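Fold and contact review
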There are 2 protein chains.
Amino acid sequence: MKQIYEEVARRTAAGEPVATVTIIRTRGSTPREVGTKMLVTPTALIGTVGGGCGEGEARKAALDSIADGAVRIVKADLTEEISYDSRGVCGGIMEMLVEPWRDAVAARRIVEALEVGGRVAVATVVQRAGDQLTTRHLVVPATGEVTAETNDNRTDPRLVARVRAVLAEGKTRTVSVDVDGESVPGAEPGADVVVEVQVPAPELVICGAGHIAVPLAAVGKLLGFRVVVIDDRAEYANAGRFPEADEVIADDFREALKRQDLGPDSYAVLVTRGHSYDVDCLLEIVDRPLAYIGMIGSKRRVWAVYKLLHHFGVTVEQLRRIHAPIGIDIGAETPAEIAIAVAAEIIKARNGGSAASLSDAVRDRYAALIERGAELG
Amino acid sequence: MKQIYEEVARRTAAGEPVATVTIIRTRGSTPREVGTKMLVTPTALIGTVGGGCGEGEARKAALDSIADGAVRIVKADLTEEISYDSRGVCGGIMEMLVEPWRDAVAARRIVEALEVGGRVAVATVVQRAGDQLTTRHLVVPATGEVTAETNDNRTDPRLVARVRAVLAEGKTRTVSVDVDGESVPGAEPGADVVVEVQVPAPELVICGAGHIAVPLAAVGKLLGFRVVVIDDRAEYANAGRFPEADEVIADDFREALKRQDLGPDSYAVLVTRGHSYDVDCLLEIVDRPLAYIGMIGSKRRVWAVYKLLHHFGVTVEQLRRIHAPIGIDIGAETPAEIAIAVAAEIIKARNGGSAASLSDAVRDRYAALIERGAELG
């Protein structure tokens, strides 16, 4: 979305009238998802809301909005009879918000807020007054001050709370909010709020630069992660071995991890060359708010690590966070296969899904054994 | 293994005495698996059977075998107490076969057979006569003639059948075979047979060159597949868009698939731009002996394809082969995530595993609906 808002700011500043088209609701299998944005000018299209599927209607409405300054909602029904002769490219029903932009200031403010980075939402509040639609924009960071488009204090706390809830979920969607009608002259109560979410690129921290780290770094990059590789052996941890990695750190595991800012968008994978390195890493990260911690190893090695960690004061509840043995259960054997099993487990941790992880089968048992004080066998 | 046999042939031809070390049995989590091979000369080591773990012993035994010409089996116990101070690099118990090589002919024959390609096994028959071990080598292709090291017809049909069974499984392992003792003068009955399997690179055929095909081709290559991409649109199906692919075909889907030699090492993924292209592809491949057929699509699209295929005479049993919707259930949304979900499903199809596929939830229902003659809804 940032690119589209940048184009809006740039073109309106240059006096060019533009309109944006944003998918705000879908039903069925539409080609693009909610939040997909396109910019329309009398002579250009930037971005796409679905190619041949509904885009023509959207463009026409956008040109109308450029001409008359009105906000519109366009509904495109892309369902068609599925037969062998229909080529079946489109499907579903989608609603698109069409907004004309004349003033460069509003878009500029949004762009500046997005450039700060971090988790931030752009909330477009759509209200109805008679047969007119109005929109206004709020920029809502995860914490800190909300920027309203106009300095009119119309940042209803219920609205902000609702936007922050969507931001925490991390996925752009449209919600109905019970705001007062008075916030817009003549407006009906309630508003549709399109909450566009900017989430920072998630981070994959790979501890251990051996033969599994190599394909895993490549797959992590393919998935759009910022990839960090750590190993205490410089002959393994170097940029030549990990051309795709964003950062390769040759240092003691614990020291390197201490310096990493690990949070809810961080995913740590332990593929070190021995269990005591795993213990070192886990002592450093197990109580930090990462989204995911996975550790490779035979059941014997995993159990040894858990016992040692417990000995060092790590609680059973903390141990339960760890995905070990790592990966989903697909019989992975080669380094590349293991990298895929790990990547799939990370995607599942982000998005949800029912595919079984190897750790599912042992987590409860290990926890019970440790609680019973079983010895390292 | 081919590389090691090549080195044996090259060095023995040059008069250099060498020995090979092959892991023939493991217990527990050893660093390398059965079939891993290393070449030892008085001055060089090529390959590794596990780095610091047992390799020193193996090398010493190999040098002894070079000196005295005897075949040996070396057992390395790599288990150690796991404590925080042990660095825990090794583990498990492994047995290694140490064979001296003086004659270049035997190794040359093996190399030539491996170079033909296709599925082929190198069987090393280990027999005991008193306190002496002997080895001999057979080259066993999936079909066709067996090459024995010596032209002595000692290719016991039970032995060949057993080797072919391992070859069909596709994974190197050591089996005990009940051969006659007489095949080797003074030998005891029974032999350990190390069956080293060469399987051709599996093939991933991606039908449809859109936004999912791009990361999928990259992941397929990472997994060691030969990757073929097919689309009837040359602006999508071109080498610039698929730099990793082994073959990119811009042609009608059915025509292109007709020309492909698809067998038990072939995996087909349908990510075309519409259901009728899927129907075209499936009509061409659904009765061919591929290892895997997966098809992307909403449930509605999948159901439409199944009904159309059934209408064209495809049986319910054939439809049940298809993995659709494609991929394991990890909530994949972006093209790269979907590529990982598909790759994971393909690995599971090859190796086994319990991770749920999206198609698991609908296969029986679709089959039942079609058998009941349900209409396209």
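Residues numbered from 1 in each chain as written. Chains lettered and ligands numbered in written order. Predicted model: local features only at pLDDT ≥ 70, side-chain atom pairs only at ≥ 80, totals over all residues. Heavy atoms only, no water.

Considering the domain arrangement of chain A
Taken domain by domain, chain A comprises domain 1 (2–198) and domain 2 (203–371). Its C-alpha centre places domain 1 of chain A at a distance of 39 Å from the equivalent point of domain 2 of chain A. (Domains from an automatic or database assignment.)

Quick notes on the pairing of strand S7 (residues 132–141) of chain A
All names here are of chain A. The element S7 is extensively covered by neighbouring structure, given that seven of its ten residues are classed as buried. Relative to S7, strand S6 (residues 120–129) runs antiparallel, the two sharing ten bridges. In the strand pairing of S7, arginine 128 is matched with leucine 133. Between S6 and S7, which pair antiparallel one after the other, the connecting turn spans two residues, and glycine 130 there sits at a positive phi close to 65°. Pairing of S7 with strand S8 (residues 147–148), which is carried by two bridges, proceeds in the antiparallel orientation. Bridge pairing in S8 links leucine 138 to alanine 148. Linking S7 back to S8 in an antiparallel pair, the connection comprises five residues, with glycine 144 at a positive phi of about 95°. (Buried < 20%, exposed > 50% of the residue type's maximum accessible area, 1.4 Å probe, protein only. Helix = DSSP H or I, 4+ residues; strand = E, 2+ residues; numbered from the N terminus. Pairing = 2+ DSSP bridges.)

Description of the pairing of strand S5 (residues 93–101) of chain A
All names here are of chain A. Taking burial as the measure, the nine residues of S5 include seven buried ones, the bulk of the element. Pairing of strand S1 (residues 18–27) with S5 involves nine bridges; the strand directions are antiparallel. Its bridge partner lying in S5, threonine 26 is registered against methionine 94.

Description of unusual backbone geometry
Cis rather than trans, the peptide bond between alanine 324 of chain A and proline 325 of chain A has omega equal to -5°. Secondary-structure assignment places proline 325 of chain A in the loop between strand S16 (322–323) and helix H10 (335–351).

Topic: the packing of aromatic side chains
This structure, assessed with the given rule, holds twelve aromatic pairs over all chains. For the pair phenylalanine 253 of chain A and tyrosine 277 of chain A, a centre-to-centre distance of 5.8 Å together with 65° between the ring planes defines the contact as edge-to-face. Here phenylalanine 253 of chain A is found in helix H6 (residues 253–259), whereas its partner tyrosine 277 of chain A is found in helix H7 (residues 275–285), with 24 residues between them in sequence. Since its relative accessible area comes to 2%, phenylalanine 253 of chain A is described here as buried. Judged by centre distance (5.5 Å) and plane angle (25°), the rings of tryptophan 303 of chain B and tyrosine 366 of chain B are stacked. Of the two residues, tryptophan 303 of chain B is situated in helix H8 (residues 299–311) and tyrosine 366 of chain B in helix H11 (residues 363–371); the sequence distance between them amounts to 63 residues. The same class applies to tryptophan 303 of chain B and to tyrosine 366 of chain B, which are both buried. Counting every residue linked through ring pairs, the aromatic cluster contains Phe225, Tyr267 and Tyr292 of chain A. Sitting over the face of the ring of tyrosine 236 of chain B, arginine 233 of chain B holds its NZ or CZ atom 3.8 Å from the ring centroid. (Phe/Tyr/Trp six-rings, centres within 6.5 Å; stacked < 30°, edge-to-face > 60°. Lys NZ or Arg CZ within 6 Å of the ring centre and 35° of its normal.)

Focus on the relation of the copies chain B and chain A
Superposition of chain B onto chain A requires a rotation of 180° combined with a translation of 0.1 Å along the rotation axis, giving an RMSD of 0.1 Å. Here the symmetry operator amounts to a two-fold rotation axis. Residues of chain B ranked by C-alpha distance from the rotation axis are headed by alanine 355 of chain B, positioned 2.1 Å from it. Taken together, the interface assignments show that 100% of the residues at the interface of chain B recur at the interface of chain A, consistent with an identical surface on both copies. (Least-squares fit on C-alpha atoms with pLDDT ≥ 70 in both. Contact = heavy atoms within 4.5 Å.)

Side note on helix H3 (residues 104–116) of chain B
Side chains that are three or four residues apart share a direction in an α-helix, a result of its 3.6 residues per turn. Residue and element names in this part refer to chain B. Here H3 spans 19 Å end to end across 13 residues, near enough to the 18 Å set by a 1.5 Å rise per residue. Taken together, the buried positions of H3 are occupied by Ala106, Ala107, Ile110, Val111, Ala113 and Leu114. Angularly, the buried residues of H3 cover 165° about the axis, an arc narrow enough to put them on a single face. The secondary structure elements touched by the buried residues of H3 are helix H1 (2–13), strand S5 (93–101), strand S6 (120–129), strand S7 (132–141) and strand S10 (191–198). With a side-chain oxygen positioned 2.9 Å from the backbone nitrogen of valine 105, the residue opening H3 is aspartate 103. (Expected span 1.5 Å × (residues − 1). Arc of directions from axis to C-beta. Polar contact = N/O pair within 3.5 Å; in protein donor to acceptor, adjacent residues only side chain to side chain.)

Here's the deal with the side chain of glutamine 198 of chain B
Residue and element names in this part refer to chain B. The residue glutamine 198 is located in strand S10 in this model. Only 3.0 Å separates the side chain of glutamine 198 from the backbone oxygen of leucine 114, close enough to count as a polar contact. The residues contacting glutamine 198, other than those within four sequence positions of it, are Met1, Lys2, Leu114, Gly117, Gly118, Arg119 and Val120.

Focus: the interface of chain B and chain A
Across the contact, 48 residues belong to chain B and 48 residues belong to chain A. Between chain B and chain A, roughly 4,100 Å² of surface is buried when both sides are summed, and carbon and sulfur atoms account for 60% of that area. Along the contact surface separating chain B from chain A lie two salt bridges. Connecting chain B to chain A are eleven residue pairs in polar contact (both at pLDDT 80 or more). Looking at the side of chain B that touches chain A, the elements that each hand over two or more residues are helix H5 (213–222), helix H7 (275–285), H8 and helix H10 (335–351) of chain B. For the side of chain B that touches chain A, a count of residues per class yields 24 nonpolar, 13 polar and eleven charged. (Buried area = accessible area lost by both parts, 1.4 Å probe. Salt bridge = Lys/Arg side-chain N within 4 Å of Asp/Glu carboxyl O. Nonpolar A, V, L, I, M, F, W, Y, C, P; charged D, E, K, R; others polar.)

Some thoughts on the sheet that holds strand S2 (residues 37–40) of chain A
What the five strands build is an open sheet, ordered S3-S2-S1-S5-S4 (chain A); its pairing is antiparallel. Either end of the sheet is taken by a strand with one partner, and the two such strands are strand S3 (45–46) and strand S4 (72–77) of chain A.

Thoughts on the pattern of salt bridges
The tally for this structure, following the rule as stated, stands at 56 salt bridges over all chains. As a salt-bridge pair, lysine 60 of chain A and aspartate 64 of chain A come within 3.9 Å of each other at their nearest N and O atoms. Of this pair, lysine 60 of chain A and aspartate 64 of chain A both sit in helix H2 (residues 55–68), separated by four residues, roughly a single helical turn. Take lysine 60 of chain A: its relative accessible area is 55%, and that puts it in the exposed class. Overall, aspartate 64 of chain A belongs to the partly exposed group, its relative accessible area being 31%. One salt bridge in this structure joins arginine 158 of chain B and aspartate 156 of chain B, with 3.1 Å as the shortest N-O distance. Classification of aspartate 156 of chain B by relative accessible area gives buried; the value is 16%. It is possible to trace a salt-bridge network through shared partners that takes in Glu7, Arg10, Arg11 and Glu16 of chain A.

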